[in-house]
Amino acid sequence: MTGDVETAIAAAREFLGDRLSTNSSIRAHHSHGEDTQTPRLPDAVAFPTTTEEVARLLALAFAHRVPVVPFGAGTSLEGHVTPVRGGLSIDLSRMNGMLEVNAEDMDCRVQAGATRVQLNEHLRDQGLFFPVDPGSLDSTFGGMCATRASGTNAVRYGTIRENVLGLTVVLAGGRVVRTGGRVRKSSTGYDLTRLFIGSEGTLGIITEIGLRLHGIPEATAAAACQFPTLRGAVETTIAVLQSGIPVARMELLDEVQMAACIAYSRLDGLEALPSLFFEFHGTEASAAEQAARAEEIAVECGAKGFRWATDAADRNRLWRARHDAYWAALALKPGHRSLTTDAIVPISQLDALVLGAKADIEASGFTAPLVGHVGDGNFHSVILVPDEPGALDRAWALDRKIVARALSLGGSCSGEHGVGIGKREFLEAEHGKEAIAVMRAIKSALDPRGLLNPGKMFLDG
Ligand SMILES: Cc1cc2nc3c(=O)[nH]c(=O)nc-3n(C[C@H](O)[C@H](O)[C@H](O)COP(=O)(O)OP(=O)(O)OC[C@H]3O[C@@H](n4cnc5c(N)ncnc54)[C@H](O)[C@@H]3O)c2cc1C
């Protein structure tokens, strides 16, 4: 145990009661995320329901030098939520209230444990929606902010970074800060909101979030488009983006991922071929015009033409299959673990990255379906790792190869999953020594005792 954790647990139990748990299965659930890192049990798990309770927990943790790890839904993929030094896991999932909706200003405020699905259900009758949609439906707004998440709609609506107006954050020791506001822009002060977005629980615990909302488009058109080669699909992506068509979604699935999705999600009428899934938003006329222009480009790149998902049920089936792509990939090889890559490059380099990664995967001997938000220059391969000696090391070697290629093409090791434990080794290569020194200075100013999600982001953090 680290610090005086027993005293801290006893004091926390005084105000949380049975919302402070040392039950072994609850601790086990909070010992890992969706990743291949070694799990580690927290000493206890706290389930606060208010900002004030989070502040009291962080005051206790500071006083007794106990590490704390914020926990949303535990769907992160790089070891983010593993309490590598034990201590308290602070689970925000019971803080899932909808605090206010200002329909006329198209904004709202939610507690950090709320999910996008809950918010969109809450907004259902108001003609508004929140677009950022990580594939894991359970992920919380706090987790999404802390990992700077995105999803299939980012190409049109931006990532979580562009859709957060302000935050309430509890700092080490229990101080509460409010950042940003409700206006669409402000040129005052340092941008503290963006500082906490992507900070992975290492600078503070987010308890409330102000979000931008968007009007539900008058018309939505969705289509799948299949290609004889992966190159054709990637070239279509680049050409569609460069021609300025405002696609709402453009997702790539290679033939291995398509075979998995067809089997898992019963995608009738589609073949196991490299594919792009598209969605267009606008008026009836503008969505149809965007779709026609994109289809023309796809056909020039060798596609057979669009297969339309005409009604809402068809459309939902298509996007549900895309959201289930990870589970479909896992179902290809029961008993295997998965390691998910997350490289991203400037759009003009997408062909070099994707085709190079595909060659690396084939040479590696792994089954690793390829799927991703190519409209942003981002894709994932879900490397399926058998339970054999040395297999995980070989999978990490493949991940490193893909990252090295992305960095050499001016990209990043992670477009949306974040650093956690798994991507720490690339941070300096990507940002340079001086930028890392500034990040470390910020970390020690805000977390002088190194208690907030230790062991993440920096190699010796
Ligand atoms: C099937 C699948 C598909 C996925 N698809 C996508 C995708 O399309 N796009 C994408 O971006 N990601 C995706 N992910 C990754 C994951 O869902 C995201 O990283 C998500 O944002 C994590 O949310 P969470 O609530 O589960 O956070 P957790 O995993 O619980 O936590 C993630 C990090 O945030 C910190 N944290 C959590 N809550 C708070 C808080 N309130 N304050 C401060 N820090 C906090 C944690 O300490 C941790 O460092 C996918 C994962 C899976 C399993």
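To be clear, the structure that these remarks concern was listed above.
The shown structure was predicted, so the numbers you read here are calculated from the model rather than taken from an experiment.

Cut-offs and rules
- Per chain, residues are indexed from 1 in the order of the written sequence.
- With pLDDT at 70 or above as the cut-off, local features in this predicted model cover only qualifying residues; side-chain atom pairs require 80 or more to be listed or tallied, and sums for whole chains, interfaces and linings still use all residues.
- Side-chain measures here rest on the full set of heavy atoms in the structure, leaving out hydrogens and waters.
- What makes a salt bridge here is a side-chain nitrogen of Lys or Arg within 4 Å of a carboxyl oxygen of Asp or Glu, nothing more.
- In this description a helix means any DSSP run of H or I spanning at least four residues, a strand means any run of E spanning at least two, and both kinds are numbered starting from the N terminus.
- A 1.4 Å probe rolled over the protein chains alone gives each residue an accessible area, and that area as a share of the maximum for its type sets the label: buried under 20%, exposed over 50%, partly exposed in between.
- Given the number of residues in a helix, its expected span is that number minus one, multiplied by 1.5 Å.
- Arc definition: it is the arc formed by the directions from the helix axis to the C-beta atoms.
- When checking whether two residues touch, look at their non-hydrogen atoms; a contact exists if any pair is within 4.5 Å.
- For two strands to be treated as a pair, DSSP must find no fewer than two bridges joining them.
- Here an axis means a line fitted to C-alpha atoms, over the contact stretch when the element is a helix, while the angle between two N-to-C directions is reported on a 0 to 180 degree scale.
- Here, proximity means that at least one heavy atom of the residue falls within 4 Å of the molecule or strand.
- Here a polar contact is taken to be a pair of N or O atoms separated by no more than 3.5 Å, where protein atoms must pair a possible hydrogen donor with a possible acceptor and residues adjacent in sequence count only if both atoms sit in side chains.
- When residues are sorted by character, Ala, Val, Leu, Ile, Met, Phe, Trp, Tyr, Cys and Pro go into the nonpolar class, Asp, Glu, Lys and Arg into the charged class, and all the rest, Gly among them, into the polar class.
- In plain words, nonpolar cores are sets of buried Ala, Val, Leu, Ile, Met, Phe, Trp, Tyr and Cys residues tied together by side-chain atoms within 4.5 Å.
- Each domain's extent is set by a domain assignment, obtained either automatically or from a database.

Peer 1: Help me out: how do you make sense of the pattern of salt bridges in this one?
Peer 2: Side chains that differ in sign of charge can pair as their charged atoms come close. Taken as a whole and judged by the stated rule, the model has 23 salt bridges. A salt bridge links Lys423 to Glu78, with the shortest nitrogen-to-oxygen separation between them at 2.9 Å. Of the two residues, Lys423 sits in the loop between helix H15 (391-408) and helix H16 (427-431) while Glu78 sits in the loop between strand E3 (68-71) and strand E4 (88-91), which places them 345 residues apart along the sequence. We note that Lys423, like Glu78, is buried. Taken together, the shared-partner salt bridges in this structure form one network comprising Glu78, Asp399 and Lys423.

Peer 1: Sorry, what's going on with helix H11 (residues 284-300) here?
Peer 2: Given 3.6 residues per helical turn, the α-helix brings residues three or four places apart onto the same face. Between the first and last C-alpha of H11 there are 25 Å, a value that for 17 residues agrees with the 24 Å anticipated at 1.5 Å per step. Every buried residue belonging to H11 is among Ala287, Gln290, Ala291, Ala294, Ile297 and Ala298, and all of these are buried. One side of H11 carries all its buried residues, which in axial view fall inside an arc of 125°. Projecting away from the buried face of H11 at angles above 90 degrees are the exposed residues Glu284, Ala285, Glu296 and Glu300. Along its buried surface, H11 packs onto helix H6 (154-157), strand E12 (219-226), helix H9 (230-242), strand E14 (275-282) and strand E15 (306-309). Gly302 sits one or two residues past H11 and shows a positive phi near 105°.

Peer 1: So what exactly am I meant to see when it comes to the sheet that holds strand E17 (residues 370-372) here?
Peer 2: Within a sheet, neighbouring strands are paired by backbone hydrogen bonds and run either parallel or antiparallel to one another. Strand order in this open sheet of seven strands is E15-E12-E14-E13-E17-E18-E16, and the pairing throughout is antiparallel. In the strand order of this sheet, the two ends are held by E15 and strand E16 (337-340), each with one partner. Across the sheet, the mean angle from the axis of one strand to that of its neighbour is 20°, orientation sign disregarded. Alignment of E12 against E14, held across eight bridges, turns out to be antiparallel. In the sheet register, Thr220 faces E14, and the bridge partner there is His281. Taken strand by strand, helix H13 (residues 325-332) contacts E16, E17 and strand E18 (380-385), and its axis lies near 30° from that of E18. Running at roughly 165° to E18, H15 makes contact with E16 and E18 of the sheet.

Peer 1: Explanation requested: the site of the ligand in the structure shown.
Peer 2: Around the ligand, the surrounding shell holds 36 residues, and the nearest of these are Pro70, Gly72, Thr75, Ser76 and Ser136. Between the ligand and Gly143, the relevant distance is 3.5 Å, taken from a nitrogen atom to a main-chain nitrogen or oxygen of the residue. In this structure, a nitrogen atom belonging to the ligand sits 2.9 Å away from a main-chain N or O atom of Ser150. Of all the secondary structure elements, the ones that give two or more residues to the shell around the ligand are E3, helix H5 (141-147), strand E10 (205-212) and H13. In terms of residues, the shell around the ligand owes the most to one element, H5, which gives five residues. Of the residues contributing to the shell around the ligand, the split by class is 15 nonpolar, 18 polar and three charged.

Peer 1: Would you take a moment to explain the nonpolar core for this structure?
Peer 2: Nonpolar side chains in soluble globular proteins tend to be buried together. Formed by 47 residues in total, the largest nonpolar core has its most connected members in Leu252, Phe278 and Phe280. Of all the secondary-structure elements, those providing two or more residues to this core are E12, H9, strand E13 (249-253), E14, H11, helix H14 (350-364), E18 and H15. Per element, the largest residue contribution to this core is seven residues, and it comes from H15. Two domains each donate at least three residues to this core, and these are domain 3 (219-327) and domain 4 (333-430). Contact partners of Leu252, with chain neighbours within four places excluded, come to Leu230, Ala233, Val234, Ser275, Leu276, Val354, Leu370, Val371, Gly372 and Val374.

Peer 1: What exactly am I supposed to notice about the pairing of strand E6 (residues 107-111) here?
Peer 2: Walk down a regular strand and you will see the side chains alternate between the two sheet faces. Burial runs high along E6: five of the five residues are buried. The alternating pattern of E6 places Asp107, Arg109 and Gln111 and Cys108 and Val110 on opposite faces, both of which are buried. One ladder, built from four bridges, connects strand E5 (residues 98-102) with E6; its direction is antiparallel. Counterpart to Glu100 in the pairing with E6 is Arg109. The hairpin formed by E5 and E6 contains four residues between the paired strands, and Met106 there has a positive phi angle of roughly 55°. Where E6 meets E10, five bridges bridge the pair, whose relative direction is antiparallel. Within E10, the residue paired with Gln111 across the bridge is Glu208.

Peer 1: Just to check I follow, could you spell out the sheet that holds strand E9 (residues 176-180) for this structure?
Peer 2: Reading across from one edge, E5-E6-E10-E8-E9 is the order of the five strands in this open sheet, with antiparallel pairing throughout. Two strands in the sheet have a free side with no partner beyond their single neighbour: E5 and E9. When the angles between neighbouring strand axes are averaged without regard to direction, this sheet yields 10°. Strands E5, E6 and E10 of the sheet are contacted by helix H4 (residues 116-123), whose axis makes an angle of about 50° with E5.

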